[in-house]
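This is what each chain is made of:
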Amino acid sequence: MALKVYNSLTRKKEEFVPLTQGRVLMYVCGPTVYAMSHIGHARSAVAFDVISRYLRKTYEVRYARNYTDVDDKIIAAANKEGVSSEELAERYIKAFDEDMASLGVAVPDVRPKATETIEKIIEVTRTLIDKGMAYASNGDVFYSVRRKADYGKLSGKKIDELEAGARVDVNESKQDPLDFALWKASKPGEPAWESPWGKGRPGWHIECSAMCMVHLAERIDIHGGGKDLIFPHHENEIAQSEAATGKAPYAKYWLHNGFVNIEREKMSKSLGNILNIREVLENQTGEAVRLFLLGSHYRNPIDYTQDSLKEAEAGLERFYKTVGRIAQECPAALSMKAALVAEKLALVTEAMEDDFNAAGVIGIVFGEVTRINRILDDARGAGVAPSADELAASLALFREVAAFLGVFGATPEDYAARRRAIAAVDAAYVERLIAERNSARKAREFKRSDEIRAELLAKGVVLEDTPSGTVWSVKG
RNA sequence: GGCGGCGUACCCAAGUGGUUAAUGGAGCAGUCUGCAAAACUGCCAUUCAGCGGUUCGAAUCCGCUCGCCGCCUCCA
């Protein structure tokens, strides 16, 4: 078996062969930190989190994800609030990190900031001027798009057609309207750094090229980001990096995640339907959000609806309830050290090696959940003990999958606790009513016991009378 | 107009050349239960937008048609 990945550069699924045997260098475009991060940021981060975790099983991985902390939007937002760009950026970096932690996103190996890479940005810019690929003009420096013969190879665009489109920034200082800024002369009050071209700040695209060179290498294995970044951002990154280093391809595999739509509409400022991660987490566990995001292949568009997250939460509930049953009905399975069943592992591997098909893996997990419940039901019905070996093997499979999917890895108790925390239910109150209801049931006062159950249900608490007593959980 | 993608059950979504087309949610019936809930069992796509073609064989490959979406402007 061999890992295959869809490469945006070749528009094909290709076998994954790293540049250096056994090592993977991976860079993913992170957020521009001027506002709270939204569900789209979450999707990108989760998708590449799973990809990096999976690659780590086989390779030594160095994964960098940047923060764009100097940019027009940051400056605008900071001015509006009357704070410095730096202060604003730091605030949203912190918020982003917290959101990522809520979603179980592992911290990348390196998290560079544009403002910490100015030296390299200036160096690369100077190299591009020296090589005749860029030119300085009134304190700005522009990259000359027409001087690179294969410009447009990632996005499939042709320079002349772009020109015809004419939806490009008109700027007197440019030799060609398509040229893009490597360095921007700063206006008074803007964050600025000294440079050979006067005080200024980096353009958007150059920072990623520079950060890649500093923290990874001149050529990397994987470059990721949202689909919308293909043009112009990644196209320009390729142009700069390859022109500056003379080495190609800059990134061997380009991976792009699809969008999150909200109720069938594109998420956008103008529609006012930007869905922040925090808003979603008010009603759902981070794990459910993650399961929802992983439920479709990372390249496909995914539609967020009111029901979609509830379904993900219901799925998790089913999963943890089943694991809880094993603990109750066959505790021996928990402490056993069981080997993975080769055929099951093969199914999981096959799915993941097909362009990281996490959705397929989730399907396998739920198939296993049904199987476990059947084993437990059969054993209970026959009055015999279930096969601890078999259950332990399933648990081993769950652990294996949880390690790279970042879901299904908690304990049933932790999961239940998080659900209760969201619902903000007073446990003592619930326990008291359950005790009262159980006395009523014992006395066969079913009318009263049903009233209590209805009362709790109205508050979002679901009761279940099991052989080992009454348990409660929070309704999804 | 250029480039890319998608169309699988009531909803979501795997499957991309070969026995009865995963999984989850919803629904219906049954087992269990004081009644429920949960769990399990059965039912729910003879068919994969449509039409042709290639093949012994296609949801899967090719062509065309229809429909939808994204990028081409800041955007995960």
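Above this text you will find the structure in question.
Residues numbered from 1 in each chain as written. Chains lettered and ligands numbered in written order. Predicted model: local features only at pLDDT ≥ 70, side-chain atom pairs only at ≥ 80, totals over all residues. Heavy atoms only, no water.

### A closer look at the sheet that holds strand β9 (residues 220-226)
Where we set the bar: Criterion used throughout: strands pair if DSSP finds at least two bridges between them. Secondary structure elements are defined from DSSP: runs of H or I of at least 4 residues count as helices, runs of E of at least 2 residues count as strands, and each element is numbered from the N terminus. The axes are straight lines fitted to the C-alpha atoms, using for helices just the contacting stretch, and the angles between their N-to-C directions are given from 0 to 180°.
Across the sheet, which stays open at both edges, the four strands sit in the order β4-β3-β9-β10 with parallel pairing between neighbours. Looking at which strands have only one partner, the edges of the open sheet turn out to be β4 (60-65) and β10 (251-257). Taking the axes of each pair of neighbouring strands and ignoring which way they run, one obtains an average angle of 20° across the sheet. Across three bridges, the pairing between strand β3 (residues 23-28) and β9 is parallel. What sits directly across from Met-26, in β9, is Ile-222.

### A few points about the sheet that holds strand β11 (residues 260-262)
The three strands are arranged β12-β11-β13 in an open sheet whose pairing can be described as mixed. Strand pairing shows two members of the sheet lacking a second neighbour, β12 (265-266) and β13 (302-304), which therefore form its edges. Relative to β13, β11 is paired through three bridges, and the arrangement is parallel. Each bridged residue has a counterpart across the sheet, and for Val-260 the counterpart in β13 is Ile-302.

### Here we look at the protein's contact with RNA strand B
Our working rule: Note on terminology: near, applied to a residue and a molecule or strand, indicates that one of the residue's heavy atoms is within 4 Å of it. Within 3.5 Å is the distance limit for a polar contact, defined as a pair of N or O atoms, with the added protein rule that one can donate a hydrogen and the other accept it, and that residues adjacent in sequence qualify only through two side-chain atoms.
Residues in contact with RNA strand B amount to 55 residues; listed here are only the nearest, Lys-73, Trp-204, Lys-266, Arg-374 and Arg-453. Here Lys-157 contributes a side-chain N or O atom positioned 2.9 Å from a base nitrogen of RNA strand B. The backbone of His-297 places a nitrogen or oxygen atom 2.7 Å from a phosphate oxygen of RNA strand B. Of all the secondary structure elements, the ones that give two or more residues to the surface near RNA strand B are α1 (39-56), α5 (159-165), β9, α10 (306-329), α13 (358-382), α16 (427-442), α17 (446-458) and β14 (461-466). Looking at the surface near RNA strand B element by element, the count peaks at seven residues for α13.

### Section: unusual backbone geometry
Note that the residue after Phe-231, namely Pro-232, is joined by a cis bond; omega there is 0°. A cis geometry characterises the amide bond from Ala-248 onward to Pro-249, with omega recorded as -5°. Mapping Pro-249 onto the fold places it in the loop between α7 (230-245) and β10. Phi angles above zero are rare outside glycine, and Asn-138 is one such case at about 55°. Inspection of the secondary structure puts Asn-138 in the loop between β5 (134-137) and β6 (140-143).

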